[in-house]
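Chain residues, written in single-letter form:
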Amino acid sequence: MDDRDGWIWLDGKWVEWREAKVHVLTHTLHYGCGVFEGLRAYKTDKGTAIFKLAEHTDRLYRSAHIMNMKMPFSKEELNQAHRDAVAKNNLDTAYIRSMVFFGSEGMGLRADNLKVHVMVAAWTWGAYLGAENMEKGIRIRTSSYTRNHVNSTMCKAKANGNYINSILALQEALSTGYDEALLLDHEGYAAEGSGENLFIVRNGKLYTPETTSALEGITRDTLITIAREQGYEVIEKRITRDEVYVADEAFFTGSAAEVTPIRQYDNRDIGSGSRGPITERLQSLYFDYVHGRRNDHQEWLSLVS
Ligand code: PMP
């Protein structure tokens, strides 16, 4: 990742990709107290556009607020940095990563004397869970790791340290032959994937876990809107793992994962064991919206130039 041409926005300045480095005593590197975002930009017939930029920036600020990190830039400055990161790197389609992190002024846990840094980078990144799986669907397993507890890490924050739990779950899933993990909360209810929110379909209705211990996913929100506008009922509630076993369809959502069908869970076929018809319809609508192919919800798109 570090050895390529390009530009990264760091604290308001454009730094050459290979030079965008931090000191080994960077506080966030040691303790994981930082916040970040992941977004995508897509080709539309008006030019390349970032999907739901304002929503991601808002969440980044909420995350920083939760972690007591004082943002040194305005939202508009940051939005512009995102647009420029895509344009300056000549990308027509992109994944964008922004991060807010503490500097290396001190190692103490009090973290009250540290500079807050912000970076934005963009590069091309294909389908997160594999291109063929967007049609075929993925195989997932219940993680042996419980999702972060609401009073242990702050689940409304997209905080760096929260991802230890995700990485352990994903490593376990991959090393045992699955594509992704489903993490259950401390009471045993479905929470989310390592980097995705969960939806199931039963009898024509959509269900998704409440965001008690799951991230308030922006793609989750988009899917709820799209589905309701198409006339589907969407219910946010606690979901047990056996409700997922007997679902007609299931899928994950995320800015990186987009809308990824789930075909098997804990070695049980979900419905027919392939991408279901409602999943296919919503997935196709999602791709229409992100590519600006529909007239409504143009407000979801921010042209980069
Ligand atoms: N849950 C977790 C743990 C995630 O990392 C992500 C990806 N940001 C999501 C859900 C989906 O969120 P979004 O749709 O905002 O990308």
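Everything discussed here concerns the structure shown above.
Residues numbered from 1 in each chain as written. Predicted model: local features only at pLDDT ≥ 70, side-chain atom pairs only at ≥ 80, totals over all residues. Heavy atoms only, no water.

Peer 1: I keep staring at empty space enclosed by the protein and nothing clicks. Help me out?
Peer 2: Rolled over the atoms, a probe with the dimensions of a water molecule shows which regions are left empty. Overall, the coordinates contain one cavity of 30 Å³ or more when judged by the stated rule. Here the largest cavity defines a volume of roughly 50 Å³. The wall of the largest cavity is formed by Arg 40, Tyr 42, Phe 51, His 56, Ile 218, Thr 219, Thr 222, Ser 255 and Tyr 286. Among the secondary structure elements, those contributing two or more residues to the lining of the largest cavity are β3 (34-44) and α6 (218-229). (1 Å grid on protein atoms, 1.4 Å probe; cavity = no way out; pocket = protein on both sides within 12 Å on 5 of 7 lines; lining within 4 Å. Points joined across faces, edges and corners; volume = space filled by probe spheres on them. Helix = DSSP H or I, 4+ residues; strand = E, 2+ residues; numbered from the N terminus.)

Peer 1: Would you take a moment to explain the environment of His 65 for this structure?
Peer 2: Tracing the backbone through its elements, the reader meets His 65 in helix α2 (residues 53-66). Of the residues examined, His 65 reaches a relative accessible area of 65% and is grouped as exposed. Along the backbone, His 65 and Ala 127 are 62 residues apart, and their C-alpha atoms lie at a distance of 31 Å. (Buried < 20%, exposed > 50% of the residue type's maximum accessible area, 1.4 Å probe, protein only.)

Peer 1: Teacher, can you tell me more about the site of the ligand here?
Peer 2: As a matter of local geometry, the ligand sits amid 16 residues, with Tyr 163, Glu 192, Ile 218, Thr 219 and Ser 255 nearest to it. Taking Ile 218, its main chain carries an N or O atom lying 2.7 Å from an oxygen atom of the ligand. Considering the ligand on its own, with 380 Å² of exposed area, one finds that the protein chains cover 95% of that surface. Residue assignment for the shell around the ligand shows that the elements contributing at least two residues are α6 and β13 (249-254). (Near = heavy atom within 4 Å. Polar contact = N/O pair within 3.5 Å; in protein donor to acceptor, adjacent residues only side chain to side chain. Areas by Shrake-Rupley, 256 points an atom, 1.4 Å probe, with all protein chains shown as cover.)

Peer 1: Even after reading the chapter, I still don't get the packing of aromatic side chains, so can you show me in this structure?
Peer 2: Aromatic rings considered in pairs are described by the distance between their centres and by the relative angle of their planes. One pass over the structure, following the stated rule, counts 12 aromatic pairs. Here Tyr 95 and Trp 123 contribute two aromatic rings whose centre-to-centre distance is 5.4 Å and whose plane-to-plane angle is 55 degrees, an arrangement assigned as tilted. With Tyr 95 in strand β5 (residues 94-102) and Trp 123 in strand β6 (residues 116-123), the pair connects residues that are 28 residues apart, well separated along the chain. Both residues of the pair, Tyr 95 and Trp 123, belong to the buried class. With a centroid separation of 4.7 Å and an interplanar angle of 85 degrees, the aromatic rings of Tyr 95 and Trp 125 are classed as edge-to-face. Here Tyr 95 is found in strand β5, whereas its partner Trp 125 is found in the loop between β6 and α4 (133-136), with 30 residues between them in sequence. Of the aromatic side chains, those joined through ring pairs into one cluster are Phe 51, Tyr 286, Phe 287, Tyr 289 and Trp 300. Over the ring of Trp 300 we find Lys 52; its NZ or CZ atom is 4.5 Å from the centre of that ring. For Lys 75, the ring lying beneath its charged end belongs to Tyr 61, and the centroid distance is 5.5 Å. (Phe/Tyr/Trp six-rings, centres within 6.5 Å; stacked < 30°, edge-to-face > 60°. Lys NZ or Arg CZ within 6 Å of the ring centre and 35° of its normal.)

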